[in-house]
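# Reading the structure
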Amino acid sequence: EWLQREAIDTIIQGKDSTAIAVEEKIVRFPKDREEPYTSYTLETKSCTVPGHESDGWMVYCKADFLLYCFANKQQDALDCHLIDFPALHAWFWRDQNHEQFPLWVSRQFNRSECRVVPFEALQGNVRVWRRVACVKSSHSQDNQKKRDV
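None of the values given here were measured: they were computed from a predicted structure. (Residues numbered from 1 in each chain as written. Predicted model: local features only at pLDDT ≥ 70, side-chain atom pairs only at ≥ 80, totals over all residues. Heavy atoms only, no water.)

### Remarks on the sheet that holds strand β8 (residues 113-118)
Here is the rule: Two strands are counted as paired when DSSP detects at least two bridges linking them. Secondary structure elements follow DSSP: runs of H or I no shorter than four residues count as helices, runs of E no shorter than two count as strands, and numbering proceeds from the N terminus. Here, residues are in contact when the closest pair of their heavy atoms is within 4.5 Å. All axes are obtained by fitting lines to C-alpha atoms, using only the stretch in contact for helices, and the reported angles, taken between N-to-C directions, cover 0 to 180 degrees.
The four strands are arranged β4-β3-β8-β7 in an open sheet whose pairing can be described as antiparallel. The open sheet has two free edges, formed respectively by β4 (54-55) and β7 (103-105), since each of these has just one partner strand. Summarising the sheet, β7 and β8 pair through three bridges and their orientation is antiparallel. Residue pairing for β8: Trp104 is matched across the bridge by Cys114. Against the sheet, helix α3 (residues 85-93) makes contact with β3 (39-47) and β8, and its axis sits at roughly 75 degrees relative to β3, the strand it touches most.

Spelled out as structure tokens, the structure:
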């Protein structure tokens, strides 16, 4: 329970017994378009319902990394972005930087409020490691062999 209050989904224990905290976001391919997402939605308010307002994970998260993954259309692969979260947090909130990004409010009951931040906005500002994770199949193994050559 305390992990969720800190917006931490996973703790990885390093060889030297250090703990690495990871917040995870996994997003399905958009149903209403043909192209994959090209932006992160960074939650600034978890609830905007009057009388129930609460901060979003971009305010209170204590993770070391944000693992943000996007499913492909076939849902057999994830485009994974491992983001240095303290650097993202500092950059996002510095000098009202977050205000330059479009505001988006969900249609869900709690009406979460997010800023839509394009992938390229992080380039040169925040360290991001990007990899594709595929479902194991003979087809994906053949493709991996071709890329390794």
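### Comments concerning the side chain of Thr44
Among the secondary structure elements, Thr44 is positioned in strand β3. Beyond its immediate sequence surroundings of up to four residues, Thr44 is in contact with Asp55, Gly56, Val59, Phe92, Trp93, Glu113, Cys114 and Arg115.

### What to know about the environment of Leu82
Its place among the elements puts Leu82 in strand β6 (residues 77-84). For the pair Leu82 and Trp129, spaced 47 residues apart in sequence, the C-alpha separation works out to 5.0 Å. Setting aside residues no more than four positions away along its own chain, Leu82 makes contact with Phe65, Leu66, Leu67, Arg127, Val128 and Trp129.

### Quick look at unusual backbone geometry
Positioned with a positive phi, Gln75 is a non-glycine residue whose angle comes to about 60 degrees. On the secondary structure map, Gln75 appears in the loop between β5 (65-71) and β6. Phi at Asp95 takes a positive value of approximately 50 degrees, unusual for a residue other than glycine. Inspection of the secondary structure puts Asp95 in the loop between α3 and β7.

### Observations concerning the packing of aromatic side chains
As a reminder of what qualifies: Put simply, two rings from Phe, Tyr or Trp (the six-membered ring, in Trp's case) pair if the centres are within 6.5 Å, and we call them stacked under 30 degrees between planes, edge-to-face over 60, tilted for the rest. We call a residue buried when its accessible area falls under 20% of the maximum for its residue type, exposed when it is over 50%, and partly exposed in between, using a 1.4 Å probe and counting protein chains only.
For the structure on display, the rule yields ten aromatic pairs. Ring geometry for Phe92 versus Trp93: centroids 4.9 Å apart, planes at 85 degrees, classification edge-to-face. You can call Phe92 buried: its relative accessible area is 0%. Of the residues examined, Trp93 reaches a relative accessible area of 26% and is grouped as partly exposed. Among the aromatic residues, those joined into a cluster by ring pairs are Tyr37, Tyr40, Tyr68, Phe70 and Phe119.

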